[in-house]
Amino acid sequence: MFLIPLVLGIAALGYIVTQPAGSLGVGSTAPEFQLQVVGPDGLTGETAKLSSFRGNVVLLEFMESWCPYCRADAPAIESLRLDYEPRGVVFVSVAGTDRGATAESTAAFIKEYQTQWTYVLDSDNSVFRKYNVEATPTFFVLDKNGVIVSTFKGIVTTEILTSSLDAALAG
């Protein structure tokens, strides 16, 4: 019984360590995008533009609806949202379409995990490429001016995200 958690922990660590490091650097302005919003019933007909969130700290997640690590992180991210949204942090997930992921599968993800933040669909994965995202989940924390203050690939503890969000809020 002890071996199962140990093997899973080693596998997760191996996944994180072996991910390519091609993300944008800290101190760079986050590239602009405007994408269609996905809600629990599919595409909403609205779009969201990253620059519209300026003035707020942003937790920007790149995810895929099929990604087991994204699924594992969703409840913790929702808990963080409940704590940090009242403090002016905006949560945005850019949903990719690799391996057959769609607006419908993203909507099902939103329903399943009952997440309440903004999801946008990167239907051609152009924003994934713009941000050099090669693994999911990948997180970027942006300051109030849209500057990247930290990046994380793979499974991230809530303590690490909390620390990064606190630092971004402190300015």
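Our structure is the block above this text.
Residues numbered from 1 in each chain as written. Predicted model: local features only at pLDDT ≥ 70, side-chain atom pairs only at ≥ 80, totals over all residues. Heavy atoms only, no water.

S.K.: Could you clarify how one ought to interpret the overall build of the protein chain in this entry?
M.R.: Secondary structure assignment for the protein chain yields five helices and seven strands. Counted from the first residue to the last, the protein chain has its helices and strands arranged as α-β-β-β-α-β-α-β-α-β-β-α. A burial count over the protein chain gives 47% of its 171 residues as buried. For the protein chain, contacts bridging at least 24 residues in sequence account for 76% of all contacts bridging at least 6. Of the roughly 8300 Å² of accessible surface on the protein chain, 57% is carried by carbon and sulfur atoms. (Helix = DSSP H or I, 4+ residues; strand = E, 2+ residues; numbered from the N terminus. Buried < 20%, exposed > 50% of the residue type's maximum accessible area, 1.4 Å probe, protein only. Contact = heavy atoms within 4.5 Å. Areas by Shrake-Rupley, 256 points an atom, 1.4 Å probe, with all protein chains shown as cover.)

S.K.: Got a minute to help me understand the pairing of strand 7 (residues 148–153) in this structure?
M.R.: Across five bridges, strand 6 (residues 138–142) lies against strand 7 in antiparallel orientation. Bridged to Phe-139 within strand 7 is Phe-152. Connecting the antiparallel pair strand 6 and strand 7 is a turn made up of five residues, with Gly-146 showing a positive phi of about 80°. (Pairing = 2+ DSSP bridges.)

S.K.: Which parts of the structure should I look at to understand empty space enclosed by the protein?
M.R.: Leftover empty space is mapped by rolling, across the atoms, a probe with the size of a water molecule. For the structure on display, the rule yields one cavity of 30 Å³ or more. Taken as a whole, the largest cavity holds about 40 Å³ of empty space. Residue lining of the largest cavity: Leu-50, Phe-53, Arg-54, Asn-56, Val-58, Leu-142, Asp-143 and Gly-146, and that is the complete set. (1 Å grid on protein atoms, 1.4 Å probe; cavity = no way out; pocket = protein on both sides within 12 Å on 5 of 7 lines; lining within 4 Å. Points joined across faces, edges and corners; volume = space filled by probe spheres on them.)

S.K.: Quick question: what am I supposed to make of the pattern of salt bridges here?
M.R.: Where charged atoms from two side chains of opposite charge come close, those side chains can pair. Per the counting criterion, the structure on display carries five salt bridges. The shortest N-O distance in the salt bridge between Lys-111 and Asp-41 comes to 3.6 Å. Of this pair, Lys-111 sits in helix 3 (residues 103–113) while Asp-41 sits in the loop between strand 1 (34–39) and strand 2 (42–49), and the two are 70 residues apart along the sequence. Each of the two residues, Lys-111 as well as Asp-41, counts as exposed. (Salt bridge = Lys/Arg side-chain N within 4 Å of Asp/Glu carboxyl O.)

S.K.: So what exactly am I meant to see when it comes to the packing of helix 2 (residues 68–84) against helix 3 here?
M.R.: The description of two packed helices rests on the angle between their axes and on the distance between the axes. Where helix 2 contacts helix 3, the axes come no closer than 10 Å and their chain directions differ by 40°. Relative to helix 3, helix 2 is oriented oblique. The crossing of helix 2 and helix 3 is right-handed. Contacts from Cys-70, Arg-71, Ala-74 and Pro-75 of helix 2 reach helix 3 at Phe-109, Glu-112 and Tyr-113. Looking at the contact of helix 2 with helix 3, its residues break down into five nonpolar, no polar and two charged. (Axes fitted to C-alpha atoms, helices over the stretch in contact; angles between N-to-C directions. Parallel < 35°, antiparallel > 145°, perpendicular 65-115°, else oblique. Left-handed = near helix turned anticlockwise from the far one by under 90°. Nonpolar A, V, L, I, M, F, W, Y, C, P; charged D, E, K, R; others polar.)

S.K.: Would you take a moment to explain the environment of Thr-97 for this structure?
M.R.: Structurally, Thr-97 is set in the loop between strand 4 (89–95) and helix 3. Look at Thr-97 and you get buried, because its relative accessible area is 19%. A C-alpha to C-alpha distance of 9.8 Å links Thr-97 and Phe-128, two positions 31 residues apart in sequence. Look past the residues within four positions of Thr-97 in its chain and what remains in contact with it is Glu-64, Leu-121, Asp-122, Ser-123, Asp-124 and Asn-125.

S.K.: How should I be thinking about the packing of aromatic side chains in this particular structure?
M.R.: Each pair of aromatic rings is reported with the distance of its centres and the angle of its planes. Going through the model one piece at a time under the given rule, you end up with eight aromatic pairs. When the ring of Phe-33 is compared with that of Tyr-131, the centres are 6.3 Å apart and the planes differ by 70°; the resulting orientation is edge-to-face. Taken together, the residues Phe-33 in the loop between helix 1 (3–17) and strand 1 and Tyr-131 in the loop between helix 4 (126–130) and strand 6 connect sequence positions 98 residues apart. For the ring pair Phe-62 and Phe-128, a centre distance of 5.1 Å and an interplane angle of 90° mean the geometry is edge-to-face. Separated by 66 residues along the polypeptide, Phe-62 in strand 3 (residues 57–63) and Phe-128 in helix 4 bring together distant segments of the chain. An identical accessibility class is assigned to Phe-62 and Phe-128; each is buried. Linked through ring pairs, Phe-33, Phe-62, Phe-128, Tyr-131 and Phe-140 together constitute an aromatic cluster. (Phe/Tyr/Trp six-rings, centres within 6.5 Å; stacked < 30°, edge-to-face > 60°.)

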